[in-house]
Amino acid sequence: MSDAPNYGFDTLQIHAGARPDPATGARQTPIYQTTAYVFRDAEHAAALFNLQEVGYIYSRLTNPTVAVLQERIATLEGGAGAVCCSSGHAAQIMALFPLMQPGMNVVASTRLYGGTITQFSQTIKRFGWEAKFVDFDDEDALAAAIDDNTRAVFCESIANPGGYITDLDAISAISNNAGVPLIVDNTSATPYLCNPIKHGATLVVHSTTKYLTGNGTVTGGCVVDSGTFDWSASDKFPSLSAPEPAYHGLKFHETFGPLAFTFHGIAIGLRDLGMTMNPQAAHYTLMGTETLSLRMERHVQNAMTVATWLENDDRVDHVTYAGLASSPYNNRVAKICPKGAGGLFTVALKGGYDACVKFVDSLDIFSHVANLGDTRSLVIHSASTTHRQLDEAQQEAAGAGPNVVRISIGIENAEDLIADLDQALAKASA
Ligand SMILES: *Cc1c(COP(=O)(O)O)cnc(C)c1O
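The model shown is predicted, which means the values in this text are computed figures rather than measured ones.

Reading the values: rules and limits
Residues numbered from 1 in each chain as written. Predicted model: local features only at pLDDT ≥ 70, side-chain atom pairs only at ≥ 80, totals over all residues. Heavy atoms only, no water. Axes fitted to C-alpha atoms, helices over the stretch in contact; angles between N-to-C directions. Helix = DSSP H or I, 4+ residues; strand = E, 2+ residues; numbered from the N terminus. Parallel < 35°, antiparallel > 145°, perpendicular 65-115°, else oblique. Left-handed = near helix turned anticlockwise from the far one by under 90°. Contact = heavy atoms within 4.5 Å. Nonpolar A, V, L, I, M, F, W, Y, C, P; charged D, E, K, R; others polar. Pairing = 2+ DSSP bridges. Near = heavy atom within 4 Å. Polar contact = N/O pair within 3.5 Å; in protein donor to acceptor, adjacent residues only side chain to side chain. Areas by Shrake-Rupley, 256 points an atom, 1.4 Å probe, with all protein chains shown as cover. UniProt positions renumbered as here; feature names shortened; annotations may be inferred. Buried < 20%, exposed > 50% of the residue type's maximum accessible area, 1.4 Å probe, protein only. Salt bridge = Lys/Arg side-chain N within 4 Å of Asp/Glu carboxyl O.

(A) Representation of the packing of helix α4 (residues 88–96) against helix α5 (residues 114–121). Contact geometry for α4 and α5: axes closest at 11 Å, N-to-C directions at 40 degrees. Classed by the angle they form, the pair α4 and α5 counts as oblique. The interaxial crossing formed by α4 with α5 has right-handed handedness. In contact with His89, Gln92, Ile93 and Leu96 of α4, α5 contributes Gly115, Thr116, Gln119 and Phe120. Grouping the constituent residues of the contact of α4 with α5 by class yields three nonpolar, five polar and no charged.

And the structure:
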């Protein structure tokens with residue numbers, strides 16, 4: 001598509017990044033199932049390797065199908081550039097990698113996807129990185145946790161598993177003030193419901209496995225750069241501001257300006273970490289993005305209907321959906337995600353742990369799986385699965401206590417979902 005910054009979201013989700021195939025005229029983006037690309041001549045090859053000319057060398061770095069998806073997600077998020085990778089967790093490492101060094105830390109919200117809490121609290125220690133977890137509703141605690149070795153602040157826009165909404169304006173004001181980039185995981189909200197960059201985020205990460213693909217077919221991830229952070233304002237980010245020894249002394253920020261982080265992600269991140277998205281996965285995700293707004297509208301509508309029904313049921317202790325007036329996060333919907341609070345929330349059952357297990361085992365339409373953001377409605381008992389590696393205090397802090405079931409509402413008929421929940425609740429409380 002030609003540059004047309006005024007197109008609306010529904011148009012961009014179909015057209016951004018894509019153009020008819022120059023060789024064949026194919027209207028749909030082809031799956032460029034190739035590992036390597038023929039150089040025009042030796043001079044062309046040298047220019048590509050020097051990053052003096054942009055083009056294709058090898059599919060660990062760049063691939064035309066993946067490139068369309070990168071441009072599409074960057075456009076939908078309002079970013080300068082994006083790098084796709086093999087999973088959401090890969091995207092998180094790819095986002096932190098240019099910023100961190102041994103001894104440095106990331107200040108992260110306590111309300112995160114369970115796998116991210118494990119990745120941050122355990123695995124990144126092997127790189128000499130540390131995560132400090134803070135309640136991001138406590139702005140003073142967040143400001144106090146940022147120290148001289150902090151290189152990033154990390155949160156989710158609509159946080160797993162409870163669908164809690166983070167006040168991104170308040171958080172970005174604190175991180176900007178400290179001269180540290182804010183990374184926002186926008187997986188649960190998607191760019192249709194929330195654009196973290198408009199609220200001051202430096203980087204946006206996605207698990208494209210979820211709503212962007214939308215039907216539970218492929219894993220993938222993406223890092224979007226706003227292009228607005230001044231990497232040279234301090235000496236905290238030498239990989240971007242100073243000569244980078246991993247690329248024969250290239251100064252990424254000076255050379256690429258707002259695209260510095262994106263070029264670094266490809267030329268060093270994908271080159272050396274190899275967490276590449278394959279073109280088949282990019283194809284499935286491109287198909288998903290074409291209907292993103294339509295699906296999200298229905299996810300939101302169904303979530304509101306089902307959450308309201310659950311909240312009024314005697315067998316239910318409470319429901320966390322931020323779209324409900326009873327939620328302490330309800331007043332953030334209009335500011336952060338005005339088109340709706342997403343399709344994800346938790347329900348706490350009066351019967352506790354045992355009732356939760358019976359409940360998830362009794363559902364017919366809802367599948368008990370470790371996934372979210374599918375067209376299908378899904379449930380998981382977080383305490384016995386995704387949040388199992390956490391102790392009970394961490395589970396409670398993350399909103400995944402033993403009596404809690406996480407629900408990812410699909411796009412089926414809401415009345416069928418309610419009937420299924422009703423019969424499973426009957427069995428669970430029998
Ligand atoms: C699923 C998920 C991840 C991890 O993504 P994968 O694609 O499974 O690696 C990270 N953050 C959130 C909010 C998620 O839902």
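(B) View of the sheet that holds strand β10 (residues 316–319). Within the open sheet, the five strands sit side by side as β10-β11-β14-β13-β12. Their pairing is mixed. Looking at the sheet topology across the chains shown, the edges are occupied by β10 and β12 (367–368). Of the pairings in the sheet, the one linking strand β11 (residues 344–349) to strand β14 (residues 404–408) comprises five bridges and is antiparallel in character. Bridge assignment links Thr346 to a residue of β14, and that residue is Arg406. Contacts from helix α13 (residues 292–311) reach β10, β11 and β14, with the element oriented near 15 degrees to β11.

(C) Fine view of the site of the ligand. Residues in close proximity to the ligand total 15 residues, the closest being Gly88, Asp185, Ser207, Thr209 and Lys210. Residue Ser87 places a side-chain N or O atom 3.5 Å away from an oxygen atom belonging to the ligand. Taking 380 Å² as the accessible area of the ligand by itself, protein coverage stands at 92%. Sort the elements by how many residues they give to the shell around the ligand and α4 lands first, with three residues. In terms of residue class, the shell around the ligand is made up of two nonpolar, ten polar and three charged.

(D) Examining the UniProt feature "modified residue: N6-(pyridoxal phosphate)lysine" (unreviewed entry) in the protein more closely. Following the UniProt record, the feature "modified residue: N6-(pyridoxal phosphate)lysine" (unreviewed entry) maps to Lys210 here. In this structure, Lys210 sits in the loop between β8 (203–207) and β9 (221–225).

(E) Focus on helix α12 (residues 279–289). The element α12 is extensively covered by neighbouring structure, given that eight of its eleven residues are classed as buried. If you check which residues of α12 are buried, you get Pro279, Ala281, Ala282, His283, Thr285, Leu286, Gly288 and Thr289. For α12, the elements touching its buried residues are α1 (9–15), α3 (64–77) and α13. Two or three places before Gln280, at the start of α12, stands the capping residue Asn278, its side-chain oxygen 3.1 Å from that residue's backbone nitrogen.

(F) Structural detail: the packing of α3 against α12. Their axes nearest at 8 Å, the elements α3 and α12 cross at an angle of 40 degrees. In this structure, α3 crosses over α12, and the sense of that crossing is left-handed. From α3, Thr65, Val66, Val68, Leu69 and Arg72 reach across to α12, where they touch Pro279, Ala282, His283, Thr285, Leu286 and Thr289. For the contact of α3 with α12, the residue count by class is six nonpolar, four polar and one charged.

(G) Structural detail: the pattern of salt bridges. A full pass over the atoms with the stated rule returns 13 salt bridges. Put simply, Lys251 and Glu254 hold a salt bridge, and the shortest N to O gap is 3.6 Å. Residue Asp374 is joined to Arg376 by a salt bridge in which the shortest nitrogen-to-oxygen separation is 3.3 Å. Look at Asp374 and you get buried, because its relative accessible area is 6%.

(H) The side chain of Thr209, seen in detail. Mapped onto the fold, Thr209 is located in the loop between β8 and β9. We classify Thr209 as buried; its relative accessible area is 13%. A polar contact is formed between the side chain of Thr209 and the backbone nitrogen of Gly220, at a distance of 3.0 Å. Thr209 has contacts with Val218, Thr219, Gly220 and Asn371, leaving out every residue within four places of it along the chain.

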